[in-house]
Amino acid sequence: MCAFAGVGLASMWVKEDTTDDYLVASRGMHPALAALSAVSTWNSGYMFIGFIGFTYTMGYSIIWIGFGSLIGQIIAWVWLYKFIQQSANERGVRSLSSLVSEVNGSPEAKLAALFSILFLAVYAAAQLTSGGKALFVMLGWSEVVGILIGFVLVVAYCYAGGIRASIWTDAAQSFVMIIGSSLLCYVAMQEVGGFSGLHQGLAAENANLTSIVPADLNFGVSLWIFAFFLGGLSVAGQPQVVSRVMTLGTDEDRKTAMLWFFAWQTPFLLIMVIIGLASRVVFTGTDFDPELGLPMLAMETLGPFWVGLILASIFAATMSTADSQVLACTAAFTDDIMPEISQDHKKAKLVTLIIAIFATSISIFGLYVPGGDSVFALVVLAVYGLGSIFVPILIIKWAGYEPDSNHTIAMMTAALVTVILWSISGFGEDIFPSVPGMGAAFIIHFIMNQLRSSHISPLGRFELPDFKTLGIAALVILAPITAGEVAYIIAGPDSLEGGEESPGTWYVETDFGTEQLADGIEYINDGQTLTIEMTTDSLSNLEDINIVGVRVTLTYSEDETSSGLGCSVPGASNPDPDTVTGTILHDENNNTSSGDNSAGVSSSHFVEVEWYNSSMIGNVTGVSKSDINNGLNAGGSGLGIYTLEINVAAQSGGGIGCTNNDDGEEVEYLVELITLDYSINSL
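Residues numbered from 1 in each chain as written. Predicted model: local features only at pLDDT ≥ 70, side-chain atom pairs only at ≥ 80, totals over all residues. Heavy atoms only, no water.

Draft legend 1. Expanded view of the overall build of the protein. Scanning the protein from N- to C-terminus turns up 19 helices and 12 strands. For the protein, the C-alpha radius of gyration of 33 Å lies well beyond 26 Å, the compact-globule estimate for 683 residues. With respect to the three principal axes, the spread of C-alpha positions in the protein is 120 × 60 × 50 Å. Counting contacts in the protein only where the partners sit at least 6 residues apart, residues at least 24 apart contribute 83% of the total. (Helix = DSSP H or I, 4+ residues; strand = E, 2+ residues; numbered from the N terminus. Rg over C-alpha atoms; globule rule 2.2 N^0.38 Å. Contact = heavy atoms within 4.5 Å.)

Draft legend 2. The sheet that holds strand β9 (residues 641–649), seen in detail. Within the open sheet, the four strands sit side by side as β2-β9-β5-β6. Their pairing is antiparallel. On the outer flanks of this sheet lie β2 (529–535) and β6 (589–596), each paired with one strand and no other. Between one strand and the next, the sheet's axes are offset by a mean angle of 15°, whatever the strand orientation. Taken together, the seven bridges between strand β5 (residues 579–586) and β9 define a ladder with antiparallel strand orientation. Paired with Thr583 across the strands is Glu645, a residue of β9. (Pairing = 2+ DSSP bridges. Axes fitted to C-alpha atoms, helices over the stretch in contact; angles between N-to-C directions.)

Draft legend 3. The pairing of strand β11 (residues 658–661), seen in detail. Judged by which residues are buried, β11 turns out to be one-sided: Cys658 and Asn660 face inward and are buried, whereas Thr659 and Asn661, on the alternate face, are not. Taken together, the three bridges between strand β4 (residues 561–563) and β11 define a ladder with antiparallel strand orientation. Along β11, the bridge assignment pairs Ser563 with Thr659. (Buried < 20%, exposed > 50% of the residue type's maximum accessible area, 1.4 Å probe, protein only.)

Draft legend 4. Structural context of the packing of helix α5 (residues 63–91) against helix α15 (residues 375–398). Where α5 meets α15, the closest approach of the two axes is 11 Å, and the angle between their N-to-C directions is 75°. By the angle class used here, α5 and α15 are roughly perpendicular. Taking contact as the criterion, the partners of Trp79, Leu80, Phe83 and Ile84 in α5 are, on α15, Val391, Leu394, Ile395, Lys397 and Trp398. Here the residues of the contact of α5 with α15 sort into eight nonpolar, no polar and one charged. (Parallel < 35°, antiparallel > 145°, perpendicular 65-115°, else oblique. Nonpolar A, V, L, I, M, F, W, Y, C, P; charged D, E, K, R; others polar.)

Draft legend 5. Summary view of the environment of Cys567. Following the sequence through the fold, Cys567 ends up in the loop between β4 and β5. The exposure class of Cys567 is buried, given its relative accessible area of 16%. The spacing of Cys567 and Ser454 is 113 residues in sequence and 118 Å in space, taken between C-alpha atoms.

Draft legend 6. Spatial organisation of empty space enclosed by the protein. Applying the stated criterion to the full structure yields five cavities of 30 Å³ or more. Estimated volume of the largest cavity: approximately 300 Å³. In terms of lining residues, the largest cavity is bounded by 19 residues, among which Trp42, Tyr46, Ile65, Ser69 and Gln73 are the most central. Looking at the lining of the largest cavity, the elements that each hand over two or more residues are α3 (31–48), α5, α9 (221–233), α11 (251–282) and α15. Classifying every residue of the lining of the largest cavity by side-chain character gives 12 nonpolar, seven polar and no charged. (1 Å grid on protein atoms, 1.4 Å probe; cavity = no way out; pocket = protein on both sides within 12 Å on 5 of 7 lines; lining within 4 Å. Points joined across faces, edges and corners; volume = space filled by probe spheres on them.)

Laid out in structure tokens, this is it:
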């Protein structure tokens, strides 16, 4: 980490104190450095945390997000990036938001800049959260500490040399990312028994994990795959990546950078897929957080030095993206929202600090919101939101259509609203929001063109095809799509949970714990029964704990007294043992146990009742995962009212001339809930 910081700080020796150098490195960056920086920035901590979690959940069907996204990115680099680079160099603009209008600071440019800052701040927050999660798993530190460390490094990089420091550190970080992930991939494959062991483990865990398409897609498989293609195309709508392209001087530099980008990213993507699948085989606990798969796998399989390298890799990925996003926000703010400070270097740095604080606040706040710490959800919202806002406008501008301010604002607003509504509707699991987001923008474009300027082709310099051509194109496109959908309906998996019912051979590893419910000391008279009622409502944070039993510990001594002249005879004053009986009840579960006290020493005994199937622990054969879960997961049945009854039957000893007296006993009780955490591993 110090080495990364050193690389970034070293940029101070070659920087120029101008905003142009601060934001686009004076457009003289080497293509290889720009490309490696783009790889680190685009993949980010999302690949180490969020993408691993998605792979863990989806299994082999993850191939479509990789393949579809790759095709979309290639088209973006060949087509849209060429247009972006040429336009940026000709106009001298330094932000993506400036490209949506012909005049810096116009209403549409301001709105685009505002949207950029909003989504990029969320995106940067996701990166800081990634670092926090990694630090929490590997070192046990609070996630807030990891987030704040990220904040300090981001500000240090940006203040040191602006985008040049960001690109230099990104390039160095990309090497650590590929080395660390390659090492973990190799060790993980050894752990699961190679590719054959990986496949068998996934099939045993859930048969549908080995299907190349997921189950139960409400809108079919075609749109699900198409959304990933648009997600790849959305790389042209990411200001933090586009800024790398803007640092290149010529079109040849862009082509060279493209080769470097895909030569580095493609193997990295494959490695991440393998690690995500391996983590699904290794970790099968019901309460396991899929986004912790990679750091947990490193902890399980690597030595301390290499675990440190993986932690550095994750931080490298998060920082390479977060600092780029903060600088992209700075460019949007200084060039479009407040163009009057666009050449003020000191104020640009101040804007950088404010935006970094804003992103850090989002990251910390998300820790306390259900689902707010999901790196995958945050990144999907940001990437697909930015892509939906910018890519449709870039496409129509490339085609030669010049929308006015109202036209551009309407398209961006429609995309923004649709992405947000789609994300909170729950349909995002069936189709990622790139399809509805970009679709809404294009629909608004065609409607406004028809209403306001129907004499101009909505395709700019290209004329709309006639109905016959459109019909033929529709048949060519719809024929394979229809065939694919029919095949999906007939042969596709029925349910992602189907594998839960498949019998197999398992090793169930358990970890029992306790949560104290109540304790106290009471004096109980002979022949009386003390009743104590308790409820789990008195405790907090039990909703997600698997309570499978209750244990009562009763502790007592002997307080029998004796008097009389005959007590001096040996044995005459010896007390008789008293019997202490405890009964614990919870719903239909109850148990009773008794114990006797002894003179001179403290005695105790347990009363315990459990409601789990102990035969489902250890090596288990011929049952399904569902059977194991039913036997070991008590759900919420451990919550509610518990009743403890304690009875004392006192006995008085003594003899001739020696009278013993025993009115009862003082009994100390401790009531503990028994908790169970378990993991199911295929054999």
